[in-house]
Amino acid sequence: MTARSLNLPVAVLQDRYLRTENPNYRGYSDAKDYNLALSKLPGWEQRLNSLLLENRYAEAILFINTDPLMVSIGFYKKIKLLMRIHILNTHYKALLDFEPRLNVQAITSDSSEFSDFIECKLLLILNWYLRGEFHQCLQRFIQLLIDIPNFVDIMENLPTNDVFVTTETILYIVTMCALITIPLDNLDTFIHLAELEQFNEKFNILMVKARLIIGSKFRRFFKWWHNDMNDICSNNYFLSKKWELVSSTMRQKIYAFYLRISNKLKISYLSEKLEIPLDVVNQEVNQLIREACLNFRVQDGFVYFLPYDARDALVHNIIKEDILLNKKLTRLRHQNSNLKLVIAENLSVRRNRQQHKTKCPNEKPMDQEEIFANSDSEMSNDNTDSFG
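Every chain is numbered independently, its residues counted from 1 as its sequence is written. Totals for whole chains, interfaces and linings use all residues, but because this is a predicted model, local features are given only for residues with pLDDT of at least 70 and pairs of side-chain atoms are given and counted only at 80 or more. Think of the side-chain values as coming from all heavy atoms in the structure, minus any hydrogens and water.

Description of the overall build of the protein chain
Part 1 of the reasoning: We count a stretch as a helix when DSSP gives it H or I for four or more residues in a row; a strand needs E for two or more, and each element gets its number in order from the N terminus. The number of helices and strands found in the protein chain is 19 helices and three strands.
Part 2 of the reasoning: Think of it in three bands: residues with accessible area under 20% of the maximum for their type are buried, residues over 50% are exposed, and the middle band is partly exposed, with areas taken using a 1.4 Å probe on protein chains only. Classification of the 388 residues of the protein chain by burial places 40% in the buried group.
Part 3 of the reasoning: Once local pairs closer than 6 in sequence are excluded, the contacts in the protein chain between residues at least 24 apart make up 64%.
Part 4 of the reasoning: Accessible surface, the protein chain as shown: approximately 22,500 Å² in total, 51% of it carbon and sulfur. Residue contacts follow a heavy-atom distance rule, with two residues in contact if any of their heavy atoms lie within 4.5 Å. Throughout, the Shrake-Rupley method with a 1.4 Å probe supplies accessible areas, and for residues the shown protein chains are the sole cover considered.

Put into structure tokens, the structure is as follows:
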């Protein structure tokens, strides 16, 4: 799909991104192209897109919600436009508030309204991806396949004159989310789910590449992953936002497979086997062990399995609790020391008052509450703690 068939703000953002990544890229040549494309749009779209091109997102939302030009715009079209704005503004959390609203408004027989409704659903899929919640993204897409018959066919037949996110982008998102989130032991079962039949018929990349993983043909898989898939994602405005994380997660998933079947593993062997640079493998394996708290140790270019030792774990927990206890005791001693000073000071004040009483017998004596009246304010800056 060409940039000119994309929604104008997305086309501009993608052009800017690609110019940054690739100096030889040729898209819109300059601002005159944007203005020419803008001038061909209806009045309200010209106004809205002008605001978006200037990154005036709050004004764009106000325009949609209040301007008289927007009165005749249908419910789902308004929701679609608002969701687009939040994505452009990277306010991904805001889109979650729209999800319940999509399930309460009836859809008329108008085909354009149904198309707007479908795009709203796709924008939610895109949003889960951009939030980095890949399992949720995959789960929600499968639910759409179940809830809406022939959903993939519907996606392919959406209007092409104002495309915010392409069908191909969504299909690649689903493919990546499946590859990185479905456990290796369950991957074969997953790709043969009845719910995925229409998906695999239209877009068989998941099926083909998953079979490479299932057959432990990891080198062939990563050759595709680091070349063709990298090119696709690096040149797509939305896919590129999470590609680095997705790519690293996929590699760590395969590292974990090798660690699971090994007691001792040479990092250079793993690098050669997968055709991944040694420094990348070394850094990512260490990161995997650290972040997943795995019982492995990296030493002298090897990864060693560390059997679980209950005694070592007990000693570690005792030391940890002892450190915590010492911190609490130190804090408590500090508070007690301050309390002693406060009591001594107030007793001194009380003695002075008693001495003064002999001279002024009609003055009311200081009671216990008065003695400690100032202690709360004097100790309010100390953090209290307990052993509970």
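Quick look at empty space enclosed by the protein
Gaps between atoms show up when a probe of the same size as a water molecule is rolled over them.
Part 1 of the reasoning: Cavities and pockets are defined on a 1 Å grid built over the protein atoms alone: a cavity is a set of grid points where a 1.4 Å probe fits but cannot escape, while a pocket is an open set with protein on both sides within 12 Å along at least five of seven lines, and lining residues are those with an atom within 4 Å of any such point. Grid points are joined across faces, edges and corners, and a volume is the space filled by probe spheres set on the points. By the definition in use, this model includes one cavity of 30 Å³ or more.
Part 2 of the reasoning: Size it by volume and the largest cavity reaches roughly 50 Å³.
Part 3 of the reasoning: Mapped onto the lining of the largest cavity, the elements with two or more residues apiece are helix H1 (8–21) and helix H3 (43–53).
Part 4 of the reasoning: When residues are grouped by polarity, Ala, Val, Leu, Ile, Met, Phe, Trp, Tyr, Cys and Pro land in nonpolar, Asp, Glu, Lys and Arg in charged, and all others, Gly among them, in polar. When the residues that make up the lining of the largest cavity are grouped by side-chain class, the tally is seven nonpolar, one polar and one charged.

Re the sheet that holds strand S3 (residues 302–305)
Part 1 of the reasoning: Spatially, three strands are ordered S1-S3-S2 in an open sheet, and the strand pairing comes out antiparallel. Edge positions in the sheet fall to strand S1 (264–266) and strand S2 (296–299), since each has one partner strand and no second. In this sheet, neighbouring strand axes are inclined to one another by 20° on average, regardless of whether the strands run parallel or antiparallel.
Part 2 of the reasoning: Think of it this way: DSSP has to see at least two bridges between two strands before they count as a pair. Two elements, S2 and S3, share four bridges in a ladder whose sense is antiparallel. Considered in S3, the bridge of arginine 297 is made with tyrosine 304.
Part 3 of the reasoning: Angular values range over 0 to 180 degrees, each being the angle between N-to-C directions of two axes fitted as lines to C-alpha atoms, with helices fitted over their stretch in contact. Contacting S1, S2 and S3, helix H15 (residues 267–274) crosses the sheet at an angle of about 60° to S1.
Part 4 of the reasoning: Here helix H16 (residues 278–292) sits on the sheet in contact with S2 and S3, set at roughly 150° to S2.

With respect to the confidence of the model for the protein chain
As a note on interpretation, predicted positions should not be read in detail where pLDDT is low.
Part 1 of the reasoning: Scored from 0 to 100, pLDDT reflects the predictor's confidence in each residue. Averaged over every residue, the pLDDT of the protein chain is 83; residues scoring 70 or more account for 82%.
Part 2 of the reasoning: When pLDDT is averaged over each helix and strand of the protein chain, the minimum, 49, is found for helix H19 (residues 375–379) and the maximum, 97, for helix H12 (residues 205–214).
Part 3 of the reasoning: Segment residues 377–388: pLDDT under 50, and 19 contacts once partners within four positions in sequence are set aside and those in other chains are kept.

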